[in-house]
Structures are given as C-alpha cells and as structure tokens.
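Results of the structural survey
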Amino acid sequence: MFILKKPPRSHALGEPLLHENHARPRTRRDFIAAGLLSGPAVVMAPAWLGALLRSGRANAGNGPPPLDADIAALVTPAGECDVPGAGIGLPFICFDLAGGANLVGSEVIVGQQSGSNVLNTQTNFLTTAGYGKLGVPGNQVPSSTANIDASLGLLWHADGAIKRGIMSMITPTTAAGVNGAVICAMSQNDTQTNPHNPMYGIAMAGRKGQLLQLIGTESSVSGGNSMAPMELIVPALQPSTISQPSDAVALVPAPPKSGQDPLAVEVLETQTRISGGTGLYQGGTGGQNAFSGALGMPTALYPADPVNDAKLKNQVRCAYVKAVNTANEFGNPSALDPTADPNIISIASKFGANAFMDNEFAKTATVMKLVLSLGGLAGAGTITMGGYDYHDGTRATGETRNFKAGQMIGAVLQYAALLGVPVMIYVFSDGSLNSNSMVDSSTAGRGKLGWQGDNSSVASTFFLVYNPSGRPALRGGAGVQQIGAFTSDGSVVSTSSPAANSVDSLVQTVLLNYMGLSGTDANFANVFQAWTGQPQALGSAAQLAGLTVFQPIV
C-alpha cells in the first residue's frame, strides 16, 4: 500500500505559514512569525502629551520664534531636559525578521575559521555539503567566483535574494558607499526570548533624536519582535510605536484651517510653569527647590527617596518642556509625512502608484523618514517583518520573502544616499533553518534547495553601513569582515567569538561596532558599565579591538 503525500507548496507574500510540527499560534510573536499579523498603527506616548501639543506660532518662514527665556533654559542643557536641536550620533535602523530566516550561505557568504582568529575572511570556503546545509546546491557553491558578488563590499552569494532586493532599489553610486560585516552567532528558533534587539544600547552609545529617542513598528518593550537584553533596558526610553505614515504626521497635530494658532506655544509654556515651574534642576543639584506649582513641595512622587523624587519630577516636567519645543519647532505636520517627501516618493515609484498601500513599504518609509531626515527626528528604529518561518519544503517562499526584505533594506540605503547622511543597518532573525536535498526548479525557487526545518546552529546576523563619503574602510585588512566562523560542514563554531553562543554578547558586539563607526569604541567598556552596572562580556581592550570591523565614519 502506498501513501501519497502532497508535494510542498510555496506560499505567496503575506500568506500565513502554518507548519505541521509547530503548535498553533498563541502569542503575538507566534502570529507575527507565521505572517498572520503585521505592524500595528498605534503611537505609544503619554496620553496627556497629545492633549498638550498644539501647532507652532505663525512665522514668515524664518524658522520658529524663540521660546521664553525661562523655558528655553530648560530645553537643551544636559543637566535639564537635554532636548537636542537635531539628531546626535550615527543613525541606526534594524530589521527584525520574525520566524528564523536564512541570512548566510545562500545570502551573505560565510567561511571557516583561520587558526584561532575571531575576525576571519569569508573566502575560507566550506565544503559543498556545508553550503548545501545552508541551501546552496552543488552547482552554485561560492568557491566558484561566478557565484560571488562584492557590489556591497561584504561578499554575497551572487543570487542571494536579499542582495537582489537591495540592488533593485539602489544606484551603483549608492552601492559604492556600502560595506558590511557578518556575525556567525547561534540563537534559538521561533522564540521572542532571544534578546536580539540592540535599540537601548544604541541610546547608550550616544544616539539621540530631536523628537523621539527610539521608535519601532511593534508595541513591545523593544519596539520589535525579539526582546532587548534586560541589562540595557531603560523604561523611560521605551520605543514609541510608529508603523505607518499617519503615525508620524500625528506627532504634530494639524493647525486650524484658519492658520496656525499664535497663542498655542504661549499656552504650553504657561502650563509648564503651572505644572512644575522653571527652576533649574541642574542634573540633581537643584533638588526639590527646582520645582514649584503642582510638582512643588509638599508634593512627593517618590516619598521614600528625595533624590529620585526630584529626578522623577524632572522627567515629568521635561515631558511638558518637550511638548512646548515640539509645538514651536514643528508647526507643519506635513514636514513629517513620508508620503509628501520627494525623495521617498522617488523610491516608492519602484513599487508603482500604490506603494504606500504595501504595509512593509509604508512602515519602512515612516521609520526611515523619522530616523534619517530633518537631522534625525528619531534616534533609532526597529522594523519588524513577519512571515520568515518559511520552511515549507519549497525554496520559492523563502526567496520571495528574503527579496522583499532586501527591497526594504535597499530603500533605507537609497534614502540615506539621497539625503547624503550615513546609516548603520542591522539585520537579525530568531534562529534559522536548514535545507533539504530537493531542488526547487520553479521560477521563484531559482534551482536552489528547499527549506526543511528550524536549525539554530546555522543562525547568523549581518550589518551594512552606508557612508556618503565612500565605502567604509576595514580595520583588520582586506576581506576581514566575518566575526566568528562556521565549521566545514555548515554549523557555527560556538567558540569562534564571544558572540557565537550568546545573544547578549552578540548585541554587545553590534554596539561595539556601532561605537567603532562613531570613533568612540575605546570607551565601550566604561560606557557599558555606567549604563548597566555590569562589566561587558567581550574581553580585554585587545579583544575588543579584534572584534571591531570598520574605521570611524563620523
């Protein structure tokens, strides 16, 4: 008796993925990984903040009028509310591909370890069987130079779907300003408990936005699907949820039809004085005497600790001060609208007239608008893309979805190029998957091996850097841009770097390289200790230097 089993079927973009060997989706994370949910349309901020925001005072196009002196004294000093006049530091955007995507072998090329090196070349090739485990058939292995593409600096499989997606969105001039690195690092499959997200650490490293510090397309503590490392989380910095153009526009309410309200800022300034006064906090030395009005004595928000009570009162007052500054600086909400940005419109044209109806592009456009434009309205952003648990036996599903991710990464790179600003892009996923021995000969399958099942031992992440002044230069010599290594048969060597078997250390490695691009990596150990109260886990100063890939670009 023969039992016939249905052949594997590829899944279209946006079609849910439900596997026989997986439990039914129960959590929000499960639904995102399966492609049953995407980014929400919610802006997370204190409820009263929206009520306080009004449009700025009318002016003749010469910039916003000055705030009253007592309010202005609270806006920018580091000891007060520390609201920057523009973004500070290197812009940062990460892509969280929920479900366990393939990112290496068939995408970024990975190689074996050279001796005991932590930084390795990508061209110390695996065996044919090793690349087969990573989805590459024997006739496409990268040991043949015809199967290698160096257009982005970082070596990629010539037919890598993410690479093809990126290249479809950028110009050759943009590509010439890009470089990157791959980090060979295991992570658990299909679980949000991987602390992959580095956003709080980017704030630790000094990145600040003018309007928002951190943003993400998911209403989670990290702003994405995967968690942030617990030691890095600062509750006051929880990312605002921004996932579509209307979310960005809503940050600054529209003026009345008759024109901007000339009294709005004055009203907000008065509310600030009534709520907390304008005495100087001076980083804590002003103590309780800094506050009057509703926050003045005998009001105590933290009765047991006068020092933290004053700190909390300053955070509350600074919310009022930031509302005043926002209303004064941004009188026209259209300045934040990605659908009205000529550079984004030019990028959107690649998707046709209905580009902003594509949820993935809409949220990518919104995040990149806030992080990259107008000097950096947001410090850093996470873009979560769902449906990357694509081991359905075919190759077509994974190729289609990886290509889509590549298009979104390419959109960010091209937007940065049009603005002439640098950016670091980090791409990660929760676990990964290995292939079967069956070639998918369909058009979308491209003659590659189908994806069989989850496999954490082949997981890796990568980051790309765009520099408008030219391709970022390596520190370790030509071609040395792989952190850690794979075995010849296609698994991560768990001892090849501190990041290889610890997602917390993986995030620290990303942060170290972010600071390296900023020229501040020598301070990494001290900054990490001061932020977390814990020592960093990557080793000595010499070991940190050995994990840092690029020369500074800012």
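Structural data are supplied above this passage.
Remember, it's a predicted structure, so these values are computed and weren't measured experimentally.

Details of the sheet that holds strand S6 (residues 212-216)
The nine strands lie next to each other as S2-S13-S5-S12-S9-S1-S8-S6-S7, forming an open sheet whose pairing is mixed. Each edge of the sheet is formed by a strand with only one pairing partner; in this case those strands are strand S2 (119-121) and strand S7 (240-241). Inspection of the sheet shows strand S1 (residues 92-97) paired to strand S9 (residues 423-429) by six bridges, in the parallel sense. When the bridges of S9 are listed, Ile93 appears paired with Ile425. On the sheet, helix H13 (residues 396-419) packs against S1, strand S5 (178-184), strand S8 (378-385), S9 and strand S12 (460-466) and is oriented at approximately 25 degrees with respect to S12. Across the face of the sheet, helix H14 (residues 503-518) comes into contact with S1, S5, S9, S12 and strand S13 (480-483) while running at roughly 170 degrees to S9.

Let's talk about a nonpolar patch on the surface
Taken together, the side chains of Leu301, Tyr302 and Leu312 present a nonpolar region at the surface, about 240 Å² in accessible area. With respect to the helices and strands, the residue Leu301 is situated in the loop between helix H9 (264-276) and helix H10 (306-329).

Overview of unusual backbone geometry
Despite not being glycine, Leu374 has its phi angle at roughly 55 degrees, a positive value. With respect to the element layout, Leu374 can be found in the loop between helix H12 (359-372) and S8. You can call Leu374 partly exposed: its relative accessible area is 46%. Within the chain, Arg446 stands out as a residue other than glycine whose phi angle is a positive 60 degrees. Checked against the element boundaries, Arg446 lands in the loop between strand S10 (433-440) and strand S11 (448-454).

Basis of the calculations
- Residues numbered from 1 in each chain as written.
- Predicted model: local features only at pLDDT ≥ 70, side-chain atom pairs only at ≥ 80, totals over all residues.
- Heavy atoms only, no water.
- Pairing = 2+ DSSP bridges.
- Helix = DSSP H or I, 4+ residues; strand = E, 2+ residues; numbered from the N terminus.
- Contact = heavy atoms within 4.5 Å.
- Axes fitted to C-alpha atoms, helices over the stretch in contact; angles between N-to-C directions.
- Patch = residues over 30% accessible without salt bridge, like charges linked within 9 Å, V, L, I, M, F, W, Y side chains within 5 Å.
- Areas by Shrake-Rupley, 256 points an atom, 1.4 Å probe, with all protein chains shown as cover.
- Salt bridge = Lys/Arg side-chain N within 4 Å of Asp/Glu carboxyl O.
- Buried < 20%, exposed > 50% of the residue type's maximum accessible area, 1.4 Å probe, protein only.

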